[in-house]
Amino acid sequence: MVLEFGKGAFVVDDLRNVTIKIGEIAEEEEEWAPMGPTPMPGIATLRDWDFFLLKRYKPFYAPACDMCCLCTMGKCDLTGNKRGACGIDLAAQTGRIVTIACSIGVSAHTGHARHMLHDIEHMTGKKLSEIPVDLGPEIDEVAPLTELITGIKPKTLEDLERALRYAEEQIVQVVDAVHTGQEGSYLDYESKALHLGMLDSLGKEIADIAQICAFGYPKGEDNQPLIEVGMGVMDRSKAMILVIGHHAPPVLNIADYIEENGLEDEVDLGGICCTANDMTRYYQKAKIVSALGRQLKVIRAGLADVIVIDEQCIRADILYHTKKLGIPVICTNEKAMHALPDMTKEEPKNIIKYLLDGNPGCVILDPLKVGEVAVEVARARRKQRGDDIGPRLTEEQFMEYARACTQCGNCTIACPQGIRIGEAMEAAENGDRSKLEKEWDVCIACGRCEQVCPKGIPIIDMYNYAAWNLIVNEKGKLRRGRGPIRDSEIRNVGAPIVLGTIPGIIAVIGCGNYPNGTRDAYTIMDEFASRNYIVVTTGCMAFDAALYKDEEGQTVYEKYHDRFDGGGVVQIGSCVANAHIHGAAIKVARIFAKRNIRANYEEIADYILNRVGACGVAWGAYSQKAASIATGFNRLGIPAVVGPHGSKYRRAFLGRPYNDEDWMVYDARTGEKVRIEPAPQDLLVAAETIEEAIPLMAKLCFRPNDTTQGRSIKLTHYIDLSLKYLKRMPDDWHLFVRTEADLPLAKKEELLKELEDKHGWKIDWQKKKIVEGPIRGYHAGFNPTNLERCLRDGFMTV
Amino acid sequence: MMEMAVAKEEKFPTAKRFDIADIQVSREATAVKPKVVANMIKRAKRPLLVTGGQLLKDEKLVEFAVKFAEKGIPIAATAGSSKPLIERGIKPVSKTYTLHQITQFLQDEEFQGFDGNGNYDTVIFLGFLPYYLSRMLSSLKHFSKITTIAIDEFYQPHAKFSFTNLTKDRELYYSMLQEVLDNL
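The structure presented is a predicted model; accordingly, all values stated were derived computationally and were not measured.

Quick word on the interface of chain B and chain A
Item 1. Each partner contributes to the interface: chain B provides 55 residues, whereas chain A provides 57 residues.
Item 2. Where chain B abuts chain A, roughly 4,500 Å² becomes buried across the two surfaces, and 56% of that area is made up of carbon and sulfur atoms.
Item 3. For chain B, the biggest contributors to the area lost against chain A are H100(B), Q104(B) and Y131(B); these three give 15% of the whole.
Item 4. Inspection of the region where chain B meets chain A yields four salt bridges.
Item 5. Between K95(B) and D731(A) there is a salt bridge whose closest N-O contact spans 2.5 Å.
Item 6. Connecting chain B to chain A are 27 residue pairs in polar contact (both at pLDDT 80 or more).
Item 7. Within the residue set of the side of chain B that touches chain A, elements represented by two or more residues are helix 3 (82-87), helix 4 (99-107) and helix 5 (130-143) of chain B.

See below:
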C-alpha cells in the first residue's frame, strides 16, 4: 500500500498504542531519462510487437511428438493438427511445448541470478545496497537490458534485485498460462515464449553484472590474457579439481583457498561449461578442460581427483560414473544434489574424512566451505594415486572389447550423430584405430550407445583409449571473458554498424551438440573475423573454437584482437554474459542514435531489427536455456542460426521472401508504407552444414537501413561466401539490390548484366544505372519503422 | 497400398526407425520398394528432389542426384550440396535456401515453386542428416498434403513413403537408388 501526502502538516493526534512501521522507502528515482511507455511489461504489453514479428516470421512447427499426455483426459492424438480433449490443436500444443522449454531456460538463468545475489551477500558479508553497480569509467549504460525492460538504471545490486523480482513474477504468470485450459492459439503461446525470452535476457544481465561487481571480474577491458583450454591442459602431476556447471561462487572459494594457502603449484583447477568460464574471470590460473560436449569423456578419462558440481548441464548420471572411478563428488547447489547427504553444517575436516573414506560424495550448500573441502580432498587423493593418469582400459581390454563387438548396429541407431561405431570397432579389431580416433571429436559422449550395447562394451572408454594421444595433446588458448561492451567502443562502431560498413556482428554462442565435431566453431569465427565482421562469443562454442590453430599455430584468440570492432573476436564470458551482446545492440540505439532506451522495448527492438546487422549462431544448441536465449534475441530483433540438431526445438521463425505483405514497413520520413527486401529474412532457422550456415549468416546481416556503401560491402561478402561454399551466386542476391550503388564495385558490370539477362531488369548502360527492377529504390533519408506509434508520436530520443 | 509395401520375405531389411525413441501415434511411413518410388515420381505432376549435406561426404549420392536431374527431376540443393552438383553441370532450381526454409515454403499457400509455376505435389529427399530430415518430414506430415518420399538409407517414419532401413548394407541401398532411376 502506498500513502501519498501533499503539502501541509502530518499530525497524528490523540493516538495511543499505535505503531507506525516504515518498510521500504521508495525514493524518487533520478530522472536519468524520461520514462518510456512500457516499464516492467506484463504478458500482454508487448503483444502487438510480437504479433508483428509472428506475422512476418511465421512460426514453423516440426512437432517432436504428435500426442499430448499432460492431463488425465488424454493421451490425445493430435496428428494432422487434430484437436485433443481439451480442445488444443497440434500447432498450439507445439507452441505450448516451446513455451514450456523457454520457461525452463529462463528459470535456469533467473534462478541462477537469484542464487547469485544470495551468495554474494553471504560471501562478501555486504548488503546488496552496499555493492555499487560500477563497470568503470567507460561504461555509463551499465545495464542496458534492465534499463530497457524495467526502466531501472541500477546503482547498486539492490536495484538489480528489484528488477529480478519483476522477472520472477512474470515467469510464474507465463507458466500459469501453460496449464490445461488456458491459451488456445499458437500465436499467443509464441508471444509468451518471446516474453520469456526477453525475461531470460534480463535474468542473465542481472546475474552477470552482479558477479562482475561483487567479485571483481573484468569490466569490459580488451586485450584480455589467454587462458588454457583443452583436455590436455590439466597438470596430471598435481591434485586436480574438476568443476562442472553454471554457478561460480563456490568455485571462487576454491580459488581463494588455493591462493591463500599458496597451493598453486600443487593444485590444478579446471572446469567444464560456464562455471569454468566464470572462474577464469576471477582466477587466471584456472583452466578450461572442455565444453559441454566432452563432459562424459572428461569424467570417464578420470581427469579429476575430486569433482565439484553446481547447477545446469551436469550429467544426471554423474554419480553412476564417478562411483565406478572412485572420484568423490561435491554438490554445491540445491538444484542438483543427486541424493547425496547434506553435510553443510558439518566441520570441513569431518566432510574431508567422509569423502576420503570412499563415500561417493556429499552436498555442501555453503560456498564458503567448499574451497577447503575440495582442495584438501584433491590433495589427499593425489597422494594416493600415481604421478600420471592413463587411459582407463588396458591394451588387452581394448582389444578384447573390439573383438566382442558383433557389429549389430544398435549403437548407430541409438547414436544422435549416427556414428558407425561398429565399423570403427571392426577396424580397431584389425589394428586400425584411426576411425575411432577420428570419430572421437564427432561423438558428443551422450552414452546412449552403451545403454543399448548387448555386449556391454564401454564405448566411451574405447574412444578415449583410441584418442588418448589427442586427449593429452589437446591444448588451446582462449581469451579470458571480458564482460560488457564499453560505451566508448559503441561510440566508435555505432555508425559503421548502422550504416553497414562493418558488415555485421556475428554472435557465436551456445552449446556443443554439433553435427560434425568442434572444428566448425573455429571455422565460423575465423571466416567472419577475417572479413572484418565483429565476432562476439560466449559459452561452450567459445571454448571449442579455441582448440584449433591456423598454419602459423595461432588460435582465433591469438590471431584477432578482442576489441568490439571489425575483425575482432571478443570472448564475453559464460552463458549469462550473452546479455552483453543484447546490451551492445541496445547501446547502439542509445549512444549512436540517441534513442531513449528507458522502458522503451518495442521501439528499440524495432530499431535493432531495421538497423543493427547482427546474427547469432548456436551451432550446437541443445538445452532449454539455448531455446530461451535465442527467443530473447529474436524478440529484440536479432536473428539466430542453429545447427541441424536445433531443428528439434520444434519451432522456427521463418520469413517468406516472396510474400509482399510480410515485408511492408513505414518510412517515418514520409509516413508511407514501403515494400522492403527480406532483411533479415528469418529470425530462427536451422542449417545442416556450415557450408550452408556461413552464407546464410552473412545474408541475415542485411538490414533495410543499410547505406549503399554498407549494402555493397554486405553484398560482397554474401556473394563471395556463396561462391565459396555453394559454388554459385546466391539465388536471391538481386532482392537486396536497391540501386547500382549497392553493387560491389569490382563486379558492377558483371552484376548489372546478370540483372538484365536473368532477372529482366532495365539497365541504362550509358550511365550504368538501374532504371527498373528493384523491389524499392534507395533513399538516404529512408527511416524504417514497424511501429505506427512512432509515426504518430515520433521516436523517443534523449 | 499394401502391395506397395516391403514384404518380410523380400530382400529388404525391416523398416526400423533410426531413432528408436521417435515413437508416434500416427501411422508410420510405408516402407516401399524402388519400383514403387519410381512409379510415384512418374505419376507426380510437380515432383521435386531436395538434396542435403550428405552429398558433400558421399560421391555416390552426387552421382545419383545427377542422374535424377538427367531424368528431368528438378533439384533444390541445400546444405552446400549445390557445389558438387554444379561441378557436374547440374543447375539446381534452388541452392540458397535451407531444408528448413524449403519445408516452410512447401507448406505455404502463397508459394508458387522455385520456377513460379506452382507448388510441388511430390517431394523426394536425398542425402540428409536423418534427425534433421525427420523433423521436417514431421512438419509436412502434420501441416501439408504433400507426398513425401525419403530415399536415404534410413527409414524415415514421418515420410509418407520411405526406403526401409539400409544402414547395414550400403551396396543394397545404392542398388535401390539405381533401380528407382532405371524405372523412371
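Brief notes about the environment of A698(A)
Residue and element names in this part refer to chain A.
Item 1. Its location among the elements puts A698 in helix 26 (residues 690-699).
Item 2. The exposure class of A698 is buried, given its relative accessible area of 1%.
Item 3. On a C-alpha basis, the gap between A698 and G504 in space is 7.8 Å, while along the polypeptide they are 194 residues apart.
Item 4. Those residues in contact with A698 that sit more than four places away from it in its chain are F528, Y533, Y718 and L721.

Observations concerning the UniProt feature "binding site: [Ni-4Fe-4S] cluster" in chain A
Residue and element names in this part refer to chain A.
Item 1. Residues given the UniProt feature "binding site: [Ni-4Fe-4S] cluster" here are H246, C274, C313, C511, C540 and C575. Of the residues just listed, which span 330 residues, no C-alpha pair is farther apart than 12.6 Å, and they cluster in one region.
Item 2. Its location among the elements puts C575 in the loop between strand 14 (569-573) and helix 23 (579-592).
Item 3. Overall, C575 belongs to the buried group, its relative accessible area being 14%.

Focus: the packing of aromatic side chains
Item 1. What the rule picks out here adds up to 25 aromatic pairs over all chains.
Item 2. For the ring pair Y61(A) and Y186(A), a centre distance of 5.8 Å and an interplane angle of 85 degrees mean the geometry is edge-to-face. Here the residue Y61(A) occupies a position in strand 1 (residues 57-61), and Y186(A) occupies one in helix 5 (residues 186-215), the gap between them amounting to 125 residues.
Item 3. By relative accessible area, which is 5% here, Y61(A) ends up buried.
Item 4. Among the residues examined, Y186(A) registers a relative accessible area of 24% and is labelled partly exposed.
Item 5. Ring plane angle 70 degrees and centroid distance 5.9 Å describe the contact between F18(B) and F154(B), whose orientation is recorded as edge-to-face. With F18(B) in the segment before strand 1 (30-31) and F154(B) in the loop between strand 5 (147-150) and strand 6 (161-162), this residue pair connects regions lying 136 residues apart in the sequence.
Item 6. Residue F18(B) is classed as buried on the basis of its relative accessible area, which comes to 10%.
Item 7. Grouped by ring-pair contacts, the aromatic residues Y658(A), Y97(B), F105(B), F111(B), F114(B) and Y120(B) constitute a single cluster.
Item 8. Above the face of the Y131(B) ring, K648(A) is positioned so that its terminal group lies 4.5 Å from the ring centre.
Item 9. When the ring centre of Y174(B) is taken as reference, the NZ or CZ atom of K60(B) above it lies at 5.5 Å.

Some points on helix 6 (residues 170-182) of chain B
Residues and elements named next belong to chain B.
Item 1. Between the first and last C-alpha of helix 6 there are 18 Å, a value that for 13 residues agrees with the 18 Å anticipated at 1.5 Å per step.
Item 2. All buried positions along helix 6 are accounted for by L172, Y173, Y174, M176, L177, V180 and L181.
Item 3. Buried residues belonging to helix 6 abut helix 1 (34-43), helix 2 (59-70) and strand 4 (122-126).

Observations concerning the sheet that holds strand 12 (residues 505-508) of chain A
All names here are of chain A.
Item 1. Read across the sheet, eight strands follow the order 1-17-20-16-15-12-13-14 without closing on themselves; strand pairing throughout is mixed. Among the strands making up the open sheet, the edge pair consists of strand 1 and strand 14. Direction aside, the axes of adjacent strands within the sheet are offset by 25 degrees on average.

Considering the UniProt feature "binding site: [4Fe-4S] cluster 3" in chain A
Item 1. On the UniProt side, "binding site: [4Fe-4S] cluster 3" is annotated at positions that read C405(A), C408(A), C411(A) and C453(A) here. For this annotated set, covering 49 residues, all C-alpha atoms fall within 10.5 Å of each other, a compact arrangement in space.
Item 2. Along the chain, C405(A) falls in the loop between helix 12 (395-404) and helix 13 (410-414).
Item 3. Taking the relative accessible area as the measure of exposure, C405(A) reaches 13% and is therefore buried.
Item 4. Those residues within four positions of C405(A) in sequence are excluded, and the remaining contacts are G422(A), M425(A) and I457(A).
Item 5. Among the structural elements, C408(A) can be located in the loop between helix 12 and helix 13.
Item 6. Once residues within four sequence positions are removed from consideration, C408(A) is found in contact with P454(A) and K168(B).

About the thresholds
- For every chain, the first residue of its written sequence is number 1, and the numbers climb from 1 along that sequence.
- Each chain takes a letter, starting from A, and each ligand takes a number, starting from 1, following the order in which they are written.
- With pLDDT at 70 or above as the cut-off, local features in this predicted model cover only qualifying residues; side-chain atom pairs require 80 or more to be listed or tallied, and sums for whole chains, interfaces and linings still use all residues.
- Only heavy atoms go into the side-chain values, all of them from the structure, while hydrogens and water stay out.
- In what follows, a contact means two residues having at least one pair of non-hydrogen atoms within 4.5 Å.
- Two parts placed together each lose some accessible area under a 1.4 Å probe, and the buried area is that loss summed for both.
- Any Lys or Arg side-chain nitrogen located within 4 Å of an Asp or Glu carboxyl oxygen qualifies as a salt bridge.
- We call two N or O atoms a polar contact when they sit within 3.5 Å, provided that within protein one can donate a hydrogen and the other can accept it, with sequence-adjacent residues counted only if both atoms are side-chain atoms.
- Here a strand is any run of E in DSSP of at least two residues, a helix any run of H or I of at least four, and the numbering for each starts at the N terminus.
- Relative accessible area decides the class of each residue, using a 1.4 Å probe on protein chains only: under 20% of the type maximum gives buried, over 50% gives exposed, and in between gives partly exposed.
- UniProt positions are given in the numbering used here, feature names are shortened, and annotations may be inferred rather than shown by experiment.
- For Phe, Tyr and Trp, rings pair up if their centres lie within 6.5 Å, where Trp contributes its six-membered ring, and each pair is then called stacked (planes under 30 degrees apart), edge-to-face (over 60) or tilted (otherwise).
- Whether a charge lies above a ring is judged from NZ of Lys or CZ of Arg, which has to be within 6 Å of the ring centre and within 35 degrees of the ring normal.
- An expected span of 1.5 Å times one less than the residue number is assigned to each helix.
- When DSSP finds at least two bridges between two strands, those strands are taken to pair.
- Interaxial angles span 0 to 180 degrees and are taken between N-to-C directions of axes, which are lines fitted to C-alpha atoms, for helices over the stretch in contact.

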